[in-house]
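# Close look at the chain arrangement
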Amino acid sequence: MKQYILALDEGTTSARSILFDRECRVVSMAQHEFPQIYPRPGWVEHDPMDIYANQYASMTECIAKSGVSPAEIAGVGVTNQRETAVVWDKTTGKPVCNAIVWQCRRTAEICEQLAREGCGDMIAEKTGLRLDAYFSAGKIKWILDHVDGARARAERGELLFGTVDTWLLWKLTDGRVHVTDRTNACRTMLYNINTCRWDEELCRLFDIPMSMLPEVRSSSEIYGEMNLMGARVPLCGIAGDQQAALYGQGCLNEGDMKITYGTGCFLLANTGHKPVFSRHGLLTTVAATGRDMPVQYALEGSVFVGGAVIQWLRDELRFIKDSADSEYFARKVKDSGGVYIVPAFAGLGAPHWDMRARGVITGLTRGVGAEHIIRAALESIAYQSEDVIQAMRSDMHSEIGSLKVDGGASANNLLMQFQADISNLQVLRPAQKEATAAGAALLAGQAVGFYRSLSQDDTPCTVFKPMLAAGERERLLKGWRRAVQSCLSSEESDI
Ligand code: ADP
């Protein structure tokens, strides 16, 4: 009777709904974009009602166009943009203001003040995070400090906080369920990843009443039921987008790693049952697991400019018309001709963490053509990812086993082969392109016995094997390091 699982994938720019069958294949999909609100430079907001309305619309469209009866759906899983903060009235269900989105920088000053007070180490030890405006705690504090009457209402227990998963579940259950899962909780900066509880000291530090916070559950269990077009269907999976992708890629064992090559690149490596705290600027995060399973952790690092360097070739340099053309032109030359591009357009992240670094192109000679530059741009995505992989290698106590890939730019075979070569790792690109939504579907399906175990070995993958001789790899990496060095900011450049 039950033949399908529905995944709700609530991203930063659009809400998508995807229906999966018993083999976790996509049966139907619908996507609705919602408005981005930029009230001031550096500020980013979403209207929580837009998020809900668009998620709801995509859900009904996805089911309606599939021809599937809602009664055939065994469960619903949610995956979402992380860190974005919503605060609403417990009784009326009305948000007190727009959601403050993860990208929003308005709380940078709150974080800098805490850093000056010397709170950074304590926060890192408890949460695995760097003191930064990305995370929810500062955003909640900002709302309570700036929205008229909000703090008094929060102290009287009238307001609730949630990341986007919590908000959606609360709306979908008509206000009966106020929960989140560990993968979202650990991005708020209020959750202690060692004890797996909300942390009183952190809540005091950010001046946030604990009565606002949702109950924290595992990523795969029944949280409640929703009315899905007349059918009662369990809500039974939650994971933040990156951890959902890690799960959907089958990275369930220590040493398993995935890279999502989108506008930026997100790298996560499963580190097993103990949190690994980085000495190289990576974040420690909780991975998605079910109710009866021990908690797992992951190291996370990101590359700010990944596929975006290809958009730059297309839109600013006008070397190509379409991102996919980058492969065609890069293959016209046998290598990048000694050219390196470090696309530090907005500084460099892990492991360098230099916000003042700016991009460079090195190694230009008279013979360099557009094809060399295009090839160097593609290679820069792999080199930057390799820098994060190296940081993970030094932090982890285990070897990196598999490297699974997804995201728009993972379609580029030249880039995937170069990643395998430069990282000396086998790169596996699964045929399943919807790793994030599939992760949410698997978590939901496992909670209700719809999916048994992950049979990842059966998943068809394209394999890229490392083919580069060690000496040649070292030579190329040396050139890259030199190029990076030349773009890092120095004391003198501040003058
Ligand atoms: P996001 O989820 O961040 O919007 P996507 O996963 O949709 O990103 O990937 C889009 C990014 O990947 C863009 O930056 C685009 O330039 C890049 N991209 C897409 N296809 C290719 C390709 N074949 N080769 C190189 N880059 C690509």
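Below, the structure is looked at part by part. Keep in mind the model is a prediction, meaning the values are calculated, not measured.

Turning to the site of the ligand, a few remarks are in order. Around the ligand, the structure places 13 residues, and the nearest of them are Thr 263, Gly 307, Gln 311, Ser 323 and Gly 408. A distance of 3.0 Å separates an oxygen atom of the ligand from a polar atom in the backbone of Gly 307. Contacts to the ligand include Ala 308, whose backbone N or O atom sits 3.5 Å from an oxygen atom. Protein chains shield 65% of the accessible area of the ligand, which is 580 Å² for the free molecule. For the shell around the ligand, the leading source of residues is helix α10 (residues 308–315), giving three residues. Considered class by class, the residues forming the shell around the ligand number four nonpolar, nine polar and no charged.

Below, the discussion takes up the sheet that holds strand β21 (residues 403–406). Spatially, seven strands are ordered β17-β18-β16-β15-β21-β22-β23 in an open sheet, and the strand pairing comes out mixed. Edge positions in the sheet fall to β17 (283–287) and β23 (461–464), since each of these pairs with one other strand and no more. Averaged over all neighbouring strand pairs, the angle between strand axes comes to 30°, with direction disregarded. As paired strands, strand β22 (residues 427–430) and β23 are joined by four bridges and run antiparallel to one another. Residue Arg 429 lies in a different strand from β23, and its bridge partner there is Thr 462. Packed on one face of the sheet, helix α12 (residues 370–395) meets β15 (257–261), β16 (265–272), β18 (296–303) and β21 and runs near 145° to β18.

Turning to helix α1 (residues 48–66), a few remarks are in order. Here α1 contains 19 residues, and its C-alpha end-to-end distance of 27 Å stays within 8% of the 27 Å for a straight helix at 1.5 Å per residue. Between the side-chain oxygen of the N-cap and the backbone nitrogen of Met 49 there are 2.8 Å, and the N-cap of α1 in question is Asp 47. Once α1 finishes, Gly 67 follows within two positions and takes phi at roughly 80°, a positive value.

This next bit is on the side chain of Ser 385. Examined against the element boundaries, Ser 385 turns out to sit in helix α12. Once residues within four sequence positions are removed from consideration, Ser 385 is found in contact with Ile 259, Tyr 261, Cys 265, Leu 267, Val 303 and Gln 419.

Once that is clear, we can look at the pattern of salt bridges. As a working rule, side chains carrying opposite charge can pair if their charged atoms are close by. With the rule as written, the count across this model stands at 30 salt bridges. Ionic pairing is found between Asp 207 and Arg 151, a salt bridge with its closest N-O pair at 3.8 Å. With a gap of 56 residues between them, Asp 207 in the loop between α8 (200–206) and β12 (215–217) and Arg 151 in helix α5 (residues 150–155) connect regions that are remote in the sequence. Residue classification places Arg 151 among the buried positions, given a relative accessible area of 17%. For Arg 187, the salt bridge goes to Glu 300, with nearest N and O atoms at 3.2 Å. Residue Arg 187 is located in the loop between α7 (182–185) and β10 (191–192), and its partner Glu 300 is located in strand β18; the two are separated by 113 residues in the primary sequence. In terms of burial, Arg 187 and Glu 300 fall into one category: buried. Salt bridges sharing partners connect three or more residues here, namely Arg 82, Glu 83, Arg 187, Asp 241 and Glu 300.

All chains considered together, the criterion is met by 14 aromatic pairs. Ring geometry for Trp 102 and Tyr 134: centres 5.9 Å apart, planes at 35°, overall tilted. Here Trp 102, found in the loop between β7 (99–100) and α2 (108–116), pairs with Tyr 134, found in the loop between α3 (120–127) and α4 (136–146); they are 32 residues apart in sequence, far enough to count as distant. The class of Trp 102 is partly exposed, set by a relative accessible area of 22%. Residue classification places Tyr 134 among the partly exposed residues on the basis of a relative accessible area of 29%.

Secondary-structure assignment places Ile 143 in helix α4. Sequence separation between Ile 143 and Val 86 is 57 residues; the distance between their C-alpha atoms is 9.2 Å. Each residue touching Ile 143, except ones within four places of it in the same chain, is listed here: Ala 85, Val 87, Val 96, Cys 97, Ile 100 and Ala 150.

Let us now look at the state of the cysteines. With the rule as written, the count across this model stands at zero disulfides. No disulfide involves Cys 24; its sulfur sits 13 Å from the nearest other cysteine sulfur, which is in Cys 236. Relative accessible area serves as the criterion here: at 12%, Cys 24 is assigned to the buried category. Looking at Cys 186, it has no disulfide partner, and the nearest cysteine sulfur is the one in Cys 196, 9.1 Å off.

Below, the discussion takes up the environment of Arg 318. Along the chain, Arg 318 falls in the loop between α10 and α11 (325–330). Each C-alpha atom, one on Arg 318 and one on Arg 217, is 49 Å from the other, the two residues being 101 residues apart in sequence.

What follows concerns the sheet that holds strand β1 (residues 4–10). Read across the sheet, six strands follow the order β3-β2-β1-β5-β14-β13 without closing on themselves; strand pairing throughout is mixed. Each edge of the open sheet carries a strand with a single partner, namely β3 (26–33) and β13 (224–228). Adjacent strand axes in the sheet meet at a mean angle of 25°, parallel and antiparallel pairs treated alike. Bridging between β13 and strand β14 (residues 231–240) involves five bridges; their strand directions are antiparallel. Bridge pairing in β14 links Leu 228 to Ala 231. Sheet strands touched by helix α9 (residues 241–248): β5 (73–80) and β14. Its angle to β14, the strand with the most contacts, is close to 100°. Strands in contact with helix α14 (residues 435–447) are β1, β2 (14–20), β5 and β14; relative to β1, the strand with the most contacts, it is inclined by about 135°.

Here we come to the nonpolar core. In this structure, Met 257, Tyr 261, Leu 267 and Met 392 are the most contacted members of the largest nonpolar core, which totals 57 residues. When near neighbours in sequence (up to four residues on either side) are disregarded, Leu 267 contacts Met 257, Lys 258, Ile 259, Leu 299, Glu 300, Gly 301, Val 303, Ser 385, Val 388, Ile 389 and Met 392. In terms of nonpolar packing, the next biggest core, distinct from the first, is built from 41 residues, Val 87, Val 96, Leu 114 and Phe 206 among them.

Conventions and cut-offs
Residues numbered from 1 in each chain as written. Predicted model: local features only at pLDDT ≥ 70, side-chain atom pairs only at ≥ 80, totals over all residues. Heavy atoms only, no water. Near = heavy atom within 4 Å. Polar contact = N/O pair within 3.5 Å; in protein donor to acceptor, adjacent residues only side chain to side chain. Areas by Shrake-Rupley, 256 points an atom, 1.4 Å probe, with all protein chains shown as cover. Helix = DSSP H or I, 4+ residues; strand = E, 2+ residues; numbered from the N terminus. Nonpolar A, V, L, I, M, F, W, Y, C, P; charged D, E, K, R; others polar. Pairing = 2+ DSSP bridges. Axes fitted to C-alpha atoms, helices over the stretch in contact; angles between N-to-C directions. Contact = heavy atoms within 4.5 Å. Expected span 1.5 Å × (residues − 1). Salt bridge = Lys/Arg side-chain N within 4 Å of Asp/Glu carboxyl O. Buried < 20%, exposed > 50% of the residue type's maximum accessible area, 1.4 Å probe, protein only. Phe/Tyr/Trp six-rings, centres within 6.5 Å; stacked < 30°, edge-to-face > 60°. Disulfide = S-S within 2.5 Å. Core = buried A, V, L, I, M, F, W, Y, C linked by side-chain atoms within 4.5 Å.

That's the geometry; what it means functionally is another story.
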